[in-house]
Amino acid sequence: MTGVAERLASVRRRIEAAARQAGRDPAAIALVAVSKSVEPARIREAFAAGQRIFGENRVQELVAKAEELAELAAPGEHGAAGGPIEWHMVGHLQRNKVRHVVRHVAMLHSLDSLRLAEELDRQLQKLGRRLDVLVEVNTSGEPTKFGVAPEEAPALVKACSRFDTLRLVGLMTIGPNTSHTGAIRRAFRTLRELRDRLRDEGLAGPEFVHLSMGMSGDFEVAVEEGATLVRIGTAIFGPRSG
Ligand SMILES: *Cc1c(COP(=O)(O)O)cnc(C)c1O
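(A) Highlighting the site of the ligand. Near the ligand the following residues occur: V34, K36, N57, V90, I174, M215, S216, R231, I232, G233, T234 and R240. A distance of 2.8 Å separates an oxygen atom of the ligand from a polar backbone atom of G233. Isolated, the ligand exposes 390 Å² of accessible area, and the fraction of that covered by the protein chains is 89%. With respect to the pocket detection grid, the ligand is positioned in the largest pocket. Taken together, the residues that form the shell around the ligand break down as five nonpolar, four polar and three charged.

So, in structure tokens, the structure goes:
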């Protein structure tokens, strides 16, 4: 099997090519390496190859890895690529786990209820810090997916704007589970139009810029439709066992 560094390089090239194809600046797209079920040793490999943002979807696993790899988060000399490691929570977050995860994460991609926002606010106040958050939107209507319906997003964004601890920086979605590119593109476009509308209507501020969309099977379409964060696991680390 090819190594993590080569796979990373290949994914970065594909992101760049998709961006250029769409007339976008490749630098406007950040790669979140989704490292769920991946051993810390291989996360170190990716870090050594310059990758800085890692996404996890389970609190326990995220906390364990963040602690094991704590020295990568310390400020200081981190080699040519510079900068410490950054953890993003990309999976569904339960309220009773918030207190475990908030100290470790730089961004939460999956805010989906006011009650979760309230708990985040409570725990962040204790730490005296703010957190970048994305509102997760179910753009495909698939019942197995988390996230608010597109028509519910404005109310949630508006309600969350009262929390000084939460920096609402955009939206996240998971593409529909289909090989039909048209349906995938429609879902991503829905997310972009929603972000633009929330900004135009003044419900969200100027920092509401991000679109977290695109995974191993559909990230090129997502980049074409305006993704600023792509969340990629399999294409970097190989298939997950189990
Ligand atoms: C697993 C996961 C990904 C990455 O999926 P791949 O298909 O392995 O690239 C992205 N986003 C979320 C929320 C995930 O759970």
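The discussion continues.
(B) Representation of unusual backbone geometry within the structure. Although it is not a glycine, S37 sits at a positive phi angle of roughly 65°. Assignment of secondary structure puts S37 in the loop between strand 1 (30-34) and helix 2 (40-48). Its relative accessible area of 43% is what places S37 among the partly exposed residues.

(C) Region of interest: the layout of surface pockets. One number sums up the size of the largest pocket: a volume of about 470 Å³. In terms of lining residues, the largest pocket is bounded by 20 residues, among which K36, N57, V90, I174 and M215 are the most central. Residues belonging to the lining of the largest pocket are distributed by class as follows: seven nonpolar, seven polar and six charged. Of the volumes computed, that of the second largest pocket is approximately 180 Å³. At the level of elements, helix 1 (4-21) and strand 1 are the ones that each hand at least two residues to the lining of the second largest pocket. With three residues, the single largest contributor to the lining of the second largest pocket is helix 1. Its residues assigned to classes, the lining of the second largest pocket shows six nonpolar, two polar and three charged.

(D) Inspection of the nonpolar core at higher detail. Among the nonpolar cores identified, the biggest contains 66 residues, and L111 and L120 are the most heavily contacted of them. Counting eight residues, the second-largest nonpolar core is a separate cluster that includes I53, V90, M107 and V169.

(E) A look at the side chain of E56. Relative to the elements of secondary structure, E56 occurs in strand 2 (residues 53-56). In this view, E56 contacts S35, K36, I43, E61, L62, K65, W87, H88, M89, V90 and G91; residues no more than four positions away in its chain are not counted.

(F) Spotlight on the environment of K158. Its location among the elements puts K158 in helix 6 (residues 153-160). Spatially, the C-alpha atoms of K158 and G202 are 9.4 Å apart, while their sequence positions differ by 44 residues.

(G) How the structure looks around the pattern of salt bridges. All chains considered together, the criterion is met by 16 salt bridges. As a salt-bridge pair, R162 and E118 come within 3.8 Å of each other at their nearest N and O atoms. Linking R162 in the loop between helix 6 and strand 6 (166-172) with E118 in helix 5 (residues 114-127), this pair joins segments that are 44 residues apart in sequence. Looking at E118, the relative accessible area reads 33%, which means it is partly exposed. A salt bridge links K145 to E142, with the shortest nitrogen-to-oxygen separation between them at 2.3 Å. Since its relative accessible area comes to 18%, E142 is described here as buried. Through salt bridges with shared partners, a single network forms among R185, R189, R192, E224 and E225.

(H) Focus on the side chain of R231. With respect to the helices, strands and loops of the structure, R231 is situated in strand 8 (residues 229-232). Despite its burial, R231 pairs with no opposite charge, the nearest such side chain being D218 at 6.9 Å. Here the side chain of R231 touches T173 through a polar contact of 3.1 Å, landing on its backbone oxygen. Engagement of the side chain of R231 in a polar contact is seen with the side chain of S212, the distance being 2.9 Å. The contacts of R231, once residues within four sequence positions are left out, are V32, V34, V90, H109, M172, T173, I174, S212, M213, G214, M215 and S216.

(I) Region of the structure containing the packing of aromatic side chains. For the structure shown, the criterion picks out one aromatic pair. For the ring pair F54 and W87, a centre distance of 6.0 Å and an interplane angle of 45° mean the geometry is tilted. With a gap of 33 residues between them, F54 in strand 2 and W87 in strand 3 (residues 86-89) connect regions that are remote in the sequence. For the pair shown, F54 and W87 are each scored as buried.

Definitions and cut-offs
- Residues numbered from 1 in each chain as written.
- Predicted model: local features only at pLDDT ≥ 70, side-chain atom pairs only at ≥ 80, totals over all residues.
- Heavy atoms only, no water.
- Near = heavy atom within 4 Å.
- Polar contact = N/O pair within 3.5 Å; in protein donor to acceptor, adjacent residues only side chain to side chain.
- Areas by Shrake-Rupley, 256 points an atom, 1.4 Å probe, with all protein chains shown as cover.
- 1 Å grid on protein atoms, 1.4 Å probe; cavity = no way out; pocket = protein on both sides within 12 Å on 5 of 7 lines; lining within 4 Å.
- Sits in = over half its atoms within 2 Å of the grid points.
- Nonpolar A, V, L, I, M, F, W, Y, C, P; charged D, E, K, R; others polar.
- Helix = DSSP H or I, 4+ residues; strand = E, 2+ residues; numbered from the N terminus.
- Buried < 20%, exposed > 50% of the residue type's maximum accessible area, 1.4 Å probe, protein only.
- Points joined across faces, edges and corners; volume = space filled by probe spheres on them.
- Core = buried A, V, L, I, M, F, W, Y, C linked by side-chain atoms within 4.5 Å.
- Contact = heavy atoms within 4.5 Å.
- Salt bridge = Lys/Arg side-chain N within 4 Å of Asp/Glu carboxyl O.
- Lys, Arg positive; Asp, Glu negative; His and termini not counted.
- Phe/Tyr/Trp six-rings, centres within 6.5 Å; stacked < 30°, edge-to-face > 60°.

Everything listed is a geometric property; what it means functionally is a separate question.
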